[in-house]
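What follows is the residue order along each chain.
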Amino acid sequence: MTGTPALPLPRRYVAIGDSFTEGLWDTAPEDPEVQYGWADRLAFTLSGYRHEAGQEPLEYANLAIRGRLLESILTDQLPRALEQRPDLISIAGGGNDVLHLGCSPDRLAALLDGAVARVRATGTRVLLATGMDTRGLALLGALRHKIAIYNADLWSIAHRHGAAVIDLWGMRSLRDRRMWAEDRIHLSPEGHRRVAQAGLVALGLPPGDPGWELPRGPGETVASLAQLRDDAAWLRRDVYPWATRRLRRASTGDARRAKYPDLRLVEAAVDAPGRAGR
């Protein structure tokens, strides 16, 4: 830790969203069935700050489910989040919407604007997240202009209602391929760790890692033939099943439930997964 923050610390934190907040691909080394994610990591660190300040552990719930569209997140998850009377709610969504050809970034912004206004009216702090910059990413690069429009609207919403924002678009470290999982769509554990640090900064709190914004350093150079083989395997393993689900209007999260639907105490930890218990 870097000392007790001067700002008021959240006592109850609820995260809502899709696979990004659920923590897909951020698995525990000791148990691949356990997934963390940036929101979990943020919760662990917030609880650590509360411990340093002599306060009770953070209470935390994560209602995010992979594959969810923004309207579903705001209709199904947000009311449940508000019922738990948190003093901090993170709302991250819209990425799955943008993947649809007919998606309107302005419509997404209108939905988000109403939701943030509703939460702020209760006195609860809101943490938003911009879309990531997809420049140079296979397939997703074509969506860059839609993400940019949505981000511009999101910043206006945050300014209007006094919400905090994780600036994923501006995170230079996310341009490092090692921040991404094998499917090249979701973050790796290191990517989630970096986003959790960005979350602390967005809330006006000190990050546990002063170098969180910086790239990890030079990675391995992949030979062109090996890269082609890797790309072909990626198309078969990840892109084809994903495209098939899209055509069927199906999602891997259709039958899933939230991993932490109710508030639970979080043990203090320093920017690292810990244990959550009742």
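Bear in mind that the values here come from a model prediction, so they are computed numbers and not experimental data.

1. What about the pattern of salt bridges?
- Under the defined criterion, the tally for this structure stands at 14 salt bridges.
- Between Asp26 and Arg41 there is a salt bridge; the shortest N-O distance is 2.8 Å. One end of the pair, Asp26, is in the loop between helix 1 (19–22) and strand 2 (27–28); the other, Arg41, is in helix 2 (residues 38–52), and 15 residues separate them in sequence. Just as Asp26 is buried, Arg41 falls in that class too.
- Here Asp262 and Arg80 are joined by a salt bridge, their closest N and O atoms 2.1 Å apart. Here Arg80 lies in helix 3 (residues 70–83) and Asp262 lies in strand 8 (residues 260–266), a separation of 182 residues in the sequence.
- Here Asp262 falls in the partly exposed class, since its relative accessible area comes to 28%.
- Connected via shared salt-bridge partners are Glu190, Arg193, Arg194 and Asp209.

2. So, the nonpolar core
- Core analysis: the largest hydrophobic core is formed by 37 residues, its most contacted members being Tyr13, Phe20, Trp38, Leu42, Tyr60 and Leu168.
- Those elements that provide at least two residues to this core are strand 1 (12–17), helix 2, strand 5 (88–92), strand 6 (125–129), strand 7 (164–166), helix 7 (189–202) and strand 8.
- Ranked by residues supplied to this core, first place goes to helix 2 with seven residues.
- Ranked by size, the runner-up nonpolar core spans 31 residues in total, among them Leu78, Leu108, Ala109 and Leu128.

3. Focus: the environment of Asp40
- For Asp40, the location among the structural elements is in helix 2.
- Considering only alpha carbons, one finds Asp40 and Val266, 226 residues apart in sequence, at a separation of 9.2 Å.
- Residues within four places of Asp40 in sequence aside, it is in contact with Gln35, Tyr60, Asn62, Lys259 and Tyr260.
- In this structure the side chain of Asp40 is engaged in a polar contact, spanning 3.2 Å, whose partner is the side chain of Asn62.

4. Observations regarding the confidence of the model for the protein chain
- Mean pLDDT over the protein chain stands at 82; residues scoring 70 or higher make up 75%.
- Confidence over residues 270–278 falls short of pLDDT 50; this stretch has 25 contacts with residues more than four positions distant or in other chains.

5. Some details on the environment of Ala258
- Structurally, Ala258 is set in the loop between helix 8 (224–247) and strand 8.
- Residues Ala258 and Leu63, 195 residues apart in the sequence, show an inter-C-alpha distance of 4.7 Å.
- Leave out the neighbours within four places in its chain, and Ala258 touches Asn62, Leu63, Ala64 and Ile65.

6. Some points on the packing of aromatic side chains
- Following the criterion strictly, the structure yields four aromatic pairs and no others.
- For the pair Tyr60 and Tyr260, a centre-to-centre distance of 6.1 Å together with 70 degrees between the ring planes defines the contact as edge-to-face. Here Tyr60, found in strand 4 (residues 59–62), pairs with Tyr260, found in strand 8; they are 200 residues apart in sequence, far enough to count as distant. The burial state of Tyr60 is the same as that of Tyr260; both residues are buried.

About the criteria used
Residues numbered from 1 in each chain as written. Predicted model: local features only at pLDDT ≥ 70, side-chain atom pairs only at ≥ 80, totals over all residues. Heavy atoms only, no water. Salt bridge = Lys/Arg side-chain N within 4 Å of Asp/Glu carboxyl O. Helix = DSSP H or I, 4+ residues; strand = E, 2+ residues; numbered from the N terminus. Buried < 20%, exposed > 50% of the residue type's maximum accessible area, 1.4 Å probe, protein only. Core = buried A, V, L, I, M, F, W, Y, C linked by side-chain atoms within 4.5 Å. Contact = heavy atoms within 4.5 Å. Polar contact = N/O pair within 3.5 Å; in protein donor to acceptor, adjacent residues only side chain to side chain. pLDDT = per-residue confidence, 0-100. Phe/Tyr/Trp six-rings, centres within 6.5 Å; stacked < 30°, edge-to-face > 60°.

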